[in-house]
Amino acid sequence: MINETVNQIIVNRTKRRRHYLFVTSFLAFTALALSCAMLMLGNTMYPVQDVIRVLLGEEVQGASFAVGTIRFPRMLAGVFAGFAFGVAGTVFQTMLRNPLANPNVIGITAGSSAAAVFCIIVLQASNTVVSIASIFGGLATALLIFLLAKGNSFSIGRLILIGIGIQAMLNSVISYLLLIGQQHDLPTAMRWLSGSLNGAKMESLYPLILTVLIFAPIILVLGKRLDMLELGEQAATSLGVDTDKTRLLLVVSSVLIIALATATTGPIAFVAFLAGPIAKRLVGVGFSNIIPAGLVGIILVLAADLIGQFAFTARYPAGVITGILGAPYLIYLLIRMNRKGDL
């Protein structure tokens, strides 16, 4: 009897592992296909062989500039920003055990946005200064939210409510800055706020790429502890997890990658909110969904950018498309949580 039970557990786990590998492979293939589409499609469509030659460093008339200078940085911005949004979003949602607890909803990206708009409108600063201010704005906002939420003991509900309140305050600050701004500064600010891959340049992508390559592996290493945190403070502690240290490392790593992503592309709406739940539904239980969530983030950003470029007569930033997709899901989630008594 015991042997049969053990064998059944092994069989079920093997099935779940195969399912996880299949879903992750499918997501990776889809992300790769969209990346290729980003390089091939545009005002002029280039065949795969020309794209490959350009990426290998060959000079191809017309394609070298279009693919190497415009499309390749745009694609890389979508890949690394999408991965950062997806990973950071699922870390917050898992760690705080609430689908609303993601950087978009609790005000972290709003902090980055407010700092960036202040630099654009008031200081009329360069893109470098705007990016640096956006990073520090996100970090300062995250620190403020967690300090206010800590109190005598850490409270998830308190953190979400404080985050939503700070987000509303920062959005009001952004609106005020747009009202007092000079007319020639407003298009730059609005383009940044909408969340867009337009104008991505290789030199501006290096900080994002380096940050994701450094801190994403830290989050992956802490993946098992993150799953234990989802069980609750007491359960995680009883399993030997140093909850304060683990939470600090996860928060710092997640905030850094999402702040760099926001500084590079602007706050692409709802990607951090949608990627985790989609990945969790596809992967199921039993395995960490950090990598699948990052891949879903890439897919959402690249697909939204392609739709915004080619599906309509006018061109729309990726953030507009993801906002249209994410808003109905947010309403559905709020209704479901209200029925369950979680609100």
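You'll find the structure just up there.
All of these numbers come straight from a predicted model, not from anything done at the bench. (Residues numbered from 1 in each chain as written. Predicted model: local features only at pLDDT ≥ 70, side-chain atom pairs only at ≥ 80, totals over all residues. Heavy atoms only, no water.)

Undergrad: Looking at this structure, how should I read the overall build of the protein chain?
TA: Looking only at helices and strands, the protein chain has 14 helices and zero strands in total. Counting from the amino terminus, helix and strand elements in the protein chain follow one another as α-α-α-α-α-α-α-α-α-α-α-α-α-α. A compact globule built from 343 residues would reach a C-alpha radius of gyration of about 20 Å, and the protein chain, at 21 Å, matches this within 12%. Each principal axis of the C-alpha atoms in the protein chain carries an extent, and together these give about 70 × 50 × 35 Å. Counting the 343 residues in the protein chain, one finds 49% classified as buried. Counted over contacts in the protein chain with a minimum sequence separation of 6, partners at least 24 positions apart contribute 75%. (Helix = DSSP H or I, 4+ residues; strand = E, 2+ residues; numbered from the N terminus. Rg over C-alpha atoms; globule rule 2.2 N^0.38 Å. Buried < 20%, exposed > 50% of the residue type's maximum accessible area, 1.4 Å probe, protein only. Contact = heavy atoms within 4.5 Å.)

Undergrad: I would appreciate a short explanation of a nonpolar patch on the surface in the present structure.
TA: Residues Phe-118, Val-122, Leu-123, Tyr-176, Leu-179 and Ile-180 make up a contiguous nonpolar surface patch of about 620 Å² in total accessible area. Those elements that provide at least two residues to the nonpolar patch are helix 4 (108-123) and helix 6 (156-180). Within the element layout of this structure, Leu-179 appears in helix 6. Since its relative accessible area comes to 72%, Leu-179 is described here as exposed. (Patch = residues over 30% accessible without salt bridge, like charges linked within 9 Å, V, L, I, M, F, W, Y side chains within 5 Å. Areas by Shrake-Rupley, 256 points an atom, 1.4 Å probe, with all protein chains shown as cover. Salt bridge = Lys/Arg side-chain N within 4 Å of Asp/Glu carboxyl O.)

Undergrad: Looking at this model, I keep getting lost on the nonpolar core. Mind explaining?
TA: One recurring pattern in soluble globular proteins is that nonpolar side chains are buried together. Formed by 102 residues in total, the largest nonpolar core has its most connected members in Phe-85, Phe-92, Met-95, Ile-108, Leu-159, Val-212 and Leu-250. Ranked by residue count, the leading element in this core is helix 3 (residues 63-95), at 17 residues. (Core = buried A, V, L, I, M, F, W, Y, C linked by side-chain atoms within 4.5 Å.)

Undergrad: Can you walk me through the packing of helix 3 against helix 11 (residues 243-265) in this structure?
TA: Their axes nearest at 9 Å, the elements helix 3 and helix 11 cross at an angle of 145 degrees. The interaxial crossing formed by helix 3 with helix 11 has left-handed handedness. Side by side, helix 3 and helix 11 meet where Ala-77, Ala-81, Ala-84, Phe-85, Val-87, Ala-88, Val-91, Phe-92 and Met-95 of the first sit next to Arg-247, Leu-250, Val-251, Ser-254, Val-255, Ile-257, Ile-258, Ala-261, Thr-262 and Thr-265 of the second. Here the contact of helix 3 with helix 11 is built from residues that sort into 15 nonpolar, three polar and one charged. (Axes fitted to C-alpha atoms, helices over the stretch in contact; angles between N-to-C directions. Left-handed = near helix turned anticlockwise from the far one by under 90°. Nonpolar A, V, L, I, M, F, W, Y, C, P; charged D, E, K, R; others polar.)

Read these as layout, nothing more, since geometry by itself doesn't imply function.
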